[in-house]
Amino acid sequence: MANKRDLKKDINYVLGDIIEAVYIWELANAEKPTKESEAIIDEAIATFDELIARVNDRSVEDKKAHFKAINNDLESKGKSLIDKINKLK
């Protein structure tokens, strides 16, 4: 089981890299930010806030299962956001 600090770092790195990838896409396409790319950034920020709030929840009894569920959600939501980046035109 990863500790709380490492899980927070993983959340920060994964979602930060996704936001950075959107910015790189915007620069590469030499256009103003599109509504789709802004929506991906907003979704990444909302996901970050949600996952960090869940990590900081102290009312959980089975911490190992709780952190594993958060890690799985990070992975699935991260893949979803990456798929959205790949579909940008």
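Scoring rules and cut-offs
Residues numbered from 1 in each chain as written. Predicted model: local features only at pLDDT ≥ 70, side-chain atom pairs only at ≥ 80, totals over all residues. Heavy atoms only, no water. Helix = DSSP H or I, 4+ residues; strand = E, 2+ residues; numbered from the N terminus. Buried < 20%, exposed > 50% of the residue type's maximum accessible area, 1.4 Å probe, protein only. Salt bridge = Lys/Arg side-chain N within 4 Å of Asp/Glu carboxyl O.

Asker: What should I look at first to understand the environment of Glu 75 in this one?
Answerer: Here Glu 75 lies in helix H3 (residues 63-86). On the basis of relative accessible area, Glu 75 is assigned to the partly exposed category, the value being 47%.

Asker: Looking at this structure, how should I read the pattern of salt bridges?
Answerer: Side-chain pairs of opposite charge can arise where the charged atoms are in close proximity. Per the counting criterion, the structure on display carries five salt bridges. A salt bridge links Glu 43 to Lys 84, with the shortest nitrogen-to-oxygen separation between them at 2.6 Å. Of this pair, Glu 43 sits in helix H2 (residues 35-55) while Lys 84 sits in helix H3, and the two are 41 residues apart along the sequence. Glu 43 sits in the partly exposed class, given a relative accessible area of 30%. Take Lys 84: its relative accessible area is 36%, and that puts it in the partly exposed class. A salt bridge links Asp 73 to Arg 54; its shortest N-O distance comes to 2.5 Å. With a gap of 19 residues between them, Asp 73 in helix H3 and Arg 54 in helix H2 connect regions that are remote in the sequence. Note on Asp 73: relative accessible area 25%, which makes it partly exposed. Look at Arg 54 and you get partly exposed, because its relative accessible area is 22%. Connected through salt bridges with shared partners, the residues Glu 50, Arg 54, Asp 73 and Lys 77 form a single ionic network.

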